[in-house]
Amino acid sequence: MQDIHDDNANGNAISASQWRQIVDSALDTAIISIDRDGRVTSWNAGATRILGWTQPEMLGQTLERIFPSGASQLKREIADATEQGCGGGEESWRVRKDGSQFWAAGELRPIRERSSIVGFVKILRDRTQQRAAEEQVREDRRALEILNRAGVSLGRETDLHRLVQLVTDAGVELSGAQFGAFFYNVLNDRGESYMLYTLSGAPAEAFARFPMPRNTPVFAPTFNGEGIVRSADITQDPRYGKNAPGKGMPEGHLPVRSYLAVPVIGRDGRVLGGLFFGHAAVGVFTERSERGLAGLAAEAAVAIDNVSLAHAAQAEIAERTRAEEALRDLNANLELEIAERTEQLRATEEMARQAQKMEAVGQLTGGVAHDFNNILQVIVGNLDVIRRLVPAGAGRLQRSVEQALNGAHQAASLTQRLLAFSRRQPLDPKPVDVNSLVGGMADLLNRSLGEMVAVETVRGAGLWKIEVDPNALESAILNLAVNARDAMPDGGRLTIETVNAYIDEGYAISHAEVTPGQYVLICVSDTGMGMDSEVLERAFEPFFTTKPVGQGTGLGLSQVYGFVKQSGGHVKIYSEIGQGTTVKIYLPRFEAAGAESEPAPAMPIPEGSSQETVLVVEDEAAVRAYSVDALRDLGYRVLEAADGPSALRLLENAGSIDLLFTDVVLPGGLTGAQLAAQVQALRPTIKVLFTTGYARNAIFHHGRLDKGVQLITKPFSFADLAAKVRDVLDGLSRTSEERKGSTNQKAQ
């Protein structure tokens, strides 16, 4: 500054005031002078504009406050300027008065007077905007390089899966995502559409246990090709979490906050798939990410279309070649082709005949059961009358009657098995303790499987109740046990295990007709020869069997499958050749209070009153005669009719009637159910009790007795009839099967 005054005195230089004006006019550059200790001695207007502090605020203050690292960086620049003539010079971050940082370039040079350093001058320029522009150019160049590299690779690639993997990897690199996925639809060789996916930035296991994405409000815009979806935080998006069962990301899903999805649309406007990218941090994706991925999606669409066209052309050529070869083979082996085709037709016809035969057998067994049960009703009913009339001292005669009744009950059991074979026996679900049921089957299983098969039961503690038909469940377990025995010709071990289980939403989504929730699991495992994958796939098909002709119907597993599905459950087979087979039956937990029904204690035979009138409608004269006599013996006033129209005519002139006791299957154009409906329309207070030997669908639907319907199955005893009629008249809900169960136990 002294030189300026001296020069000015000689009239050869500008004044200090003029020099100050020049320095302050450099508003885009901070010009700061400091002493040897780093304290500010001058501060221009550019420094105030860039750094925020004014000259009065900074004079005498150390300059270290503008450096993020403080005094150390200032000392280093002073040392470099002293030793080398210049300190700093590299671009780095600086600090403003308000605490914000900016990118700056500047250097520190010494101020000399008579060869001695008396201070330093700091020149500083704000390079924040230039740096951002340079980064933008570098980022654009990088994005262009990625797109060009991807375009070259995609143009060479002919494998669709590798192609979409290239696209997914390029998308992650281009957008800065942590992970990305490309979900796309393809057609298999049979023309069926299914979804595949590729992943980048995450292992395959991260998605393997989750189902494919569905058209939820979040995914739908992408899969429908409506446009790009970008969200700074997808968990805050109003479309997020609207769909069951997860209501958002399921447990264990990759952490996604920043979300970017781009549809991939082909030349024909069809949506080929969707690119999905995520990041655990918020606000990662920008408009530049969006533009880059839109370009990548366009390249991917062209490449996928080209690959699809190439595959279609190859398939067409292959099909044409195959057709030409087939034509040559056909011409060369025409007689063989005709013979094979004839054999195929014969086999198809045989299968059709077999199916028709089984259906006919089902209808026949049902009809036989109906007629046979009517005959048994007459036999059982009249034997019951004889038993009641035989003198107490006639021991031999009493034994003969009891033996005849036991034989009749065994015949009735046979008709029930015939109905079960024809799948026309309605399920009668009851609360069941599976552990007790399995334990009660031990003797039956040991007798059925023989000495070469060891039976082991593992019954879970605290097992829940289920509501199923116990007889049908026993039959299913026995079917599986017999199949297991046949798979162990040299003997082995059969294990029946029970345990509480839970089916979650993920498993339910991936298995049709399965409802998530609590189940009782019954595992039936053997150490037999096992099944290969081809047999395993067909194991539940009706009539499919691996046994020699005449040794198996192929209905065992299909009956198990039908029973489990009808009971609202799920069944799964696991098997390997040489490793045995495990069949898992899942049956829903029954949560009603008082779940298990207890056998009713033996009660005296209830009688009726002559003030109570029963209308009996039965087409079989002998059955009708027995029913009428039995009801009169019980004290009831009884009217009778042979069919529905006769009963309606009788009803017109009859007095008070308390109960309609009718067969389900009737001649004359009215079934028992139709008759009951008309009778109750005329006289709403009349109660109805049905009887049948073969129910069809008149009062059964979906294999179960219609709600509120009262039924007693043929053949029934005098005690069965007395109890059931009394229950219906008194409004009790006890089922006829429960009453018959206790009576039959006494009879046996």
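Right above here is the structure, for reference.
Computed from a predicted model, the values in this text were never measured in an experiment.

Digging into a nonpolar patch on the surface
Next, step 1: On the surface, a nonpolar cluster with roughly 350 Å² of combined accessible area is contributed by Leu327, Leu330, Leu334 and Ile338.
Next, step 2: With respect to the element layout, Leu334 can be found in helix H11 (residues 334–389).

Brief notes about a negative patch on the surface
Next, step 1: Residues Glu324, Glu325, Asp329, Glu337 and Glu340 make up a contiguous surface patch of negative charge.
Next, step 2: Going through the elements one at a time, helix H10 (287–332) and H11 are the ones with two or more residues in the negative patch.
Next, step 3: Per element, the largest residue contribution to the negative patch is three residues, and it comes from H10.
Next, step 4: Residue Glu324 is classed as partly exposed on the basis of its relative accessible area of 42%.

Some points on the nonpolar core
Next, step 1: Formed by 38 residues in total, the largest nonpolar core has its most connected members in Ile466, Leu473, Ile522, Phe563, Ile585 and Leu587.
Next, step 2: Take this core: its biggest share by element is seven residues, from helix H15 (residues 470–486).
Next, step 3: Beyond its immediate sequence surroundings of up to four residues, Leu473 is in contact with Leu437, Ile466, Val468, Ile522, Phe563 and Leu587.
Next, step 4: In terms of nonpolar packing, the next biggest core, distinct from the first, is built from 25 residues, Leu163, Ala177, Phe285 and Leu293 among them.

Digging into the pairing of strand S20 (residues 637–641)
Next, step 1: Two elements, strand S19 (residues 613–617) and S20, share five bridges in a ladder whose sense is parallel. By the bridge assignment, Val617 is partnered in S20 with Ala641.
Next, step 2: In this fold, S19 hands off to helix H19 (residues 621–633), which returns the chain to S20; that crossover is right-handed.

Concerning the packing of aromatic side chains
Working definition: an aromatic ring pair is given by the centre-to-centre distance plus the angle between the planes.
Next, step 1: With the rule as written, the count across this model stands at eight aromatic pairs.
Next, step 2: Ring geometry for Phe219 against Phe223: centres 6.3 Å apart, planes inclined by 50°, an arrangement best described as tilted.
Next, step 3: Between Tyr626 and Phe716, the aromatic rings sit 6.4 Å apart at their centres with planes inclined by 40°, giving tilted as the arrangement. Here Tyr626, found in helix H19, pairs with Phe716, found in the loop between strand S25 (711–713) and helix H22 (718–730); they are 90 residues apart in sequence, far enough to count as distant. Accessibility assignment for this pair places Tyr626 and Phe716 in one class, buried.
Next, step 4: Put simply, the rings of Phe183, Phe219, Phe223 and Phe276 touch in pairs and so form one group of aromatic residues.
Next, step 5: In this arrangement the basic side chain of Arg131 is found over the ring face of Trp103, its NZ or CZ atom lying 4.2 Å from the centre.

Description of the sheet that holds strand S18 (residues 580–588)
Next, step 1: Taken together, five strands build an open sheet; the order of strands is S13-S15-S16-S18-S17 and the sheet is mixed. The open sheet has two edge strands with one neighbour each: strand S13 (453–459) and strand S17 (570–576). Direction aside, neighbouring strands of the sheet carry axes that sit 15° apart on average.
Next, step 2: Across ten bridges, strand S15 (residues 492–503) lies against strand S16 (residues 517–526) in antiparallel orientation. Within the sheet, the bridge partner assigned to Ile496 lies in S16 and is Val524.
Next, step 3: Its contacts with the sheet place helix H14 (residues 442–449) against S13 and S15, and it is angled at close to 155° to S13.

Points about the environment of Leu124
Next, step 1: For Leu124, the position within the fold is in strand S6 (residues 116–126).
Next, step 2: Accessibility expressed as a relative area gives 0% for Leu124, which makes it buried.

Quick notes on the rules
Residues numbered from 1 in each chain as written. Predicted model: local features only at pLDDT ≥ 70, side-chain atom pairs only at ≥ 80, totals over all residues. Heavy atoms only, no water. Patch = residues over 30% accessible without salt bridge, like charges linked within 9 Å, V, L, I, M, F, W, Y side chains within 5 Å. Areas by Shrake-Rupley, 256 points an atom, 1.4 Å probe, with all protein chains shown as cover. Salt bridge = Lys/Arg side-chain N within 4 Å of Asp/Glu carboxyl O. Helix = DSSP H or I, 4+ residues; strand = E, 2+ residues; numbered from the N terminus. Lys, Arg positive; Asp, Glu negative; His and termini not counted. Charge placed at Lys NZ, Arg CZ, Asp CG, Glu CD. Buried < 20%, exposed > 50% of the residue type's maximum accessible area, 1.4 Å probe, protein only. Core = buried A, V, L, I, M, F, W, Y, C linked by side-chain atoms within 4.5 Å. Contact = heavy atoms within 4.5 Å. Pairing = 2+ DSSP bridges. Right-handed = clockwise from strand over helix to strand, strands pointing away. Phe/Tyr/Trp six-rings, centres within 6.5 Å; stacked < 30°, edge-to-face > 60°. Lys NZ or Arg CZ within 6 Å of the ring centre and 35° of its normal. Axes fitted to C-alpha atoms, helices over the stretch in contact; angles between N-to-C directions.

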